[in-house]
Amino acid sequence: METLTINGGMPLYGELNVGGSKNAVLPILAACILTDEEVVIHNAPDISDIDDMLYIMSDLGIKSRRENDTLIINCSGMTSYEISDEHVGKIRSSVVLMGAVIARFHTARLAQPGGCDIGARPIDIHLSALRQMGVNITYEDQCWNCSAEKLSGSNITLPFPSVGATENVILAASMASGQTIIRNAAKEPEIEALQTFINLMGGQISGAGTDTVTITGKSKYHACEYTVIPDRIVAGTYMLMTCGTGGDVLIRNALHEHNRALTECISAMGAHISADGNSIRVRKTRRLNPIEFTQTAPFPGFPTDLQPQLMAVLTLANGTSVIRENIYENRFKAAYSLCALGAQINIQVIDSQTSLAVIRGVDILKGAQIYGTDLRCNAALIIAGLQAHGTTVLHRAHFIERGYENIVNAIKSVGGDITAS
Ligand code: UD1
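Every value quoted in this text rests on a predicted model; they were computed, and no experiment measured them.

Basis of the calculations
- Position labels on residues start from 1 in each chain and follow its written sequence.
- Totals for whole chains, interfaces and linings use all residues, but because this is a predicted model, local features are given only for residues with pLDDT of at least 70 and pairs of side-chain atoms are given and counted only at 80 or more.
- To get the side-chain values, all heavy atoms of the structure are used, and hydrogens and water are removed first.
- The criterion for strand pairing is that DSSP finds at least two bridges linking the strands in question.
- Numbering of helices and strands runs from the N terminus, with a helix taken as a DSSP run of H or I at least four residues long and a strand as a DSSP run of E at least two residues long.
- Note on geometry: axes are C-alpha line fits, over the in-contact stretch for helices, and angles between N-to-C directions span 0 to 180 degrees.
- The contact criterion used throughout is that any non-hydrogen atoms of two residues lie within 4.5 Å.
- In this entry, domain limits derive from an automatic or database-based domain assignment.
- Two parts placed together each lose some accessible area under a 1.4 Å probe, and the buried area is that loss summed for both.
- Criterion for a salt bridge: a side-chain nitrogen of Lys or Arg within 4 Å of a carboxyl oxygen of Asp or Glu.
- Here a polar contact means two N or O atoms within 3.5 Å. Within protein one must be a hydrogen donor candidate and the other an acceptor candidate, and residues neighboring in sequence count only if both atoms are side-chain atoms.
- By definition, disulfides here are pairs of cysteine sulfur atoms that lie within 2.5 Å.
- Each residue gets one of three labels from its accessible area relative to the maximum for its type: buried under 20%, exposed over 50%, partly exposed in between, using a 1.4 Å probe on protein chains only.

## Observations concerning the sheet that holds strand β11 (residues 179-183)
Item 1. Taken in spatial order, the four strands line up as β10-β11-β13-β12 in an open sheet, and their pairing is mixed. Lying at the two open borders of the sheet, with one neighbouring strand each, are β10 (155-157) and β12 (204-206). The average undirected angle you get between the axes of adjacent strands in this sheet is 10°.
Item 2. As defined by bridge partners, β10 adjoins β11 across three bridges and the pair is classed as parallel. Counterpart to Thr157 in the pairing with β11 is Arg183.
Item 3. Sitting on the sheet, helix α6 (residues 163-173) is in contact with β10, β11, β12 and β13 (212-216), with an inclination near 170° to β11.

Below you can see the structure in the form of structure tokens.
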């Protein structure tokens, strides 16, 4: 998919279904390395980030196959411990392979991950935590060489609740000798999902979802069967899409407790939200209120992964909104294309890590030729295209396939006019 053509301006009505979480399944795939027995993962979305992760794993000698939404992974034939720069460049989440490979083989080689479209994305917190567990890490030829004679449980306090670092430490600690305690751990639902999965394989982890996670290392893990949690970012994107276009959409397989920061925001904008079991209904019948101030933060704060989509919706609010981005320094890229559609957004850089978007609500957006830059930027631009009057052509649309399964058909099923080519 290179281009999406959207004829916007129509409200959406009907039901949408949310698949398994991308950000949960990627570290879970890495965790499969802890065992040489076969692992079965249900509700795995058909998205390109998973294809890329499985491709990288196949290069390490890992076998996998897909049967509909089920993945079957077998790591018994692993032959390599090297994650090359081609791979790290392709999919940033492959960094979590490091903790798992070190756990199982006490050695790993990882190309220095570069920055990406949303920011520099350093891994110093990962490296420092692994060093505390006895991993010797040297840097040579733009690669991190990791080896550990003995991997030891340790008391680790993260300087920031990094999701990736928390996952890497959990993975390494799962096969370390003794107990590891991570303080100031990330509390995202995907960390809990990783805990559930490793415990199903025979692990002993507790505390995920709080800021202290305790892991007791084990020497052996076994086969298991696991069902991936729903993707809270896809659910949130559909919720914001309905707020943007107007209409009434029931989003199935969406967990309210994973999206409270967003539902509070949607209520403040004046759209109706009702949550029932594992579905969320969004109705928007009148022009939205602006959001005076909101900012991205680690869970349970407002997720950086929904910030561009929120910005797209606020372009049409009845007044001025301010969003502060605290996680990634370069995450307002959608603003350029939104302005091409007629939005009024002013970006102010506060410091190397933080910037503000000041969004003055306009009466209408008008279709135009726009250009995607990354996964969540494209989600925002699709919402904007659906809000805009006339035809919007989104170029470089392929990024959306990294994290949204069949989004074109989903949007069509609720009445959106969108075509991929
Ligand atoms: C981040 C999001 C996560 C989201 C994921 C995918 C947060 C806190 N994390 O996770 O919710 O699912 O992107 O888009 O919102 N950092 C360092 N050094 C490190 C690691 C991180 O300085 O070693 C900094 C990053 O530059 C960034 C912040 O910490 O500013 C968040 O990083 P982290 O949570 O590790 O990022 P991801 O794991 O990619």
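## Quick word on the domain arrangement of the protein chain
Item 1. When its domains are assigned, the protein chain resolves into domain 1 (3-18 + 230-420) and domain 2 (22-227).
Item 2. With 23 residues of domain 1 at the interface, the matching set in domain 2 holds 19 residues.
Item 3. With both sides pooled, the region where domain 1 packs onto domain 2 buries about 1800 Å², and carbon together with sulfur makes up 48% of that total.
Item 4. Here domain 1 is connected to domain 2 by two salt bridges.
Item 5. Between Arg232 and Glu190 there is a salt bridge whose closest N-O contact spans 2.8 Å.
Item 6. Linking domain 1 with domain 2 are nine residue pairs in polar contact (both at pLDDT 80 or more), by the criterion used here.

## As for unusual backbone geometry
Item 1. A cis amide bond links Phe299 to the next residue, Pro300, at an omega of 10°.
Item 2. Within the secondary structure, Pro300 sits in the loop between β18 (294-295) and α10 (307-314).
Item 3. Phi at Asp141 takes a positive value of approximately 50°, unusual for a residue other than glycine.
Item 4. Tracing the backbone shows Asp141 in the loop between β8 (136-140) and β9 (143-147).
Item 5. Here Arg396, not a glycine, exhibits a phi torsion of approximately 55°, which is positive.
Item 6. Mapped onto the elements of the fold, Arg396 is located in the loop between β23 (390-395) and α13 (407-413).

## Section: the state of the cysteines
Item 1. According to the stated counting rule, one finds zero disulfides in the structure shown.
Item 2. Cys75 carries a free sulfur, and the closest cysteine sulfur to it, the one in Cys32, is 5.5 Å from it.
Item 3. Of all cysteine sulfurs in the structure, the one in Cys146 sits closest to Cys143, which takes part in no disulfide; the separation is 9.9 Å.
Item 4. Judged by its relative accessible area of 9%, Cys143 falls in the buried class.

## Details of helix α5 (residues 124-132)
Item 1. Those residues of α5 that sit buried are Ile125, His126, Leu127, Ala129 and Leu130.
Item 2. Along its buried surface, α5 packs onto α4 (97-105), β8, β9, β10 and α6.
Item 3. Two residues or fewer after α5 comes Gly134, characterised by a positive phi angle close to 100°.

## Some details on the sheet that holds strand β15 (residues 247-252)
Item 1. Strand order in the open sheet formed by four strands is β2-β15-β17-β16, and the pairing between neighbours is mixed. Of all strands in the sheet, those with a lone pairing partner are β2 (12-17) and β16 (272-276), marking the two edges. Recorded for the sheet is a direction-independent mean angle of 10° between the axes of neighbouring strands.
Item 2. Here β15 pairs with strand β17 (residues 279-284) via six bridges, running antiparallel. Bridge assignment links Arg252 to a residue of β17, and that residue is Ser279.

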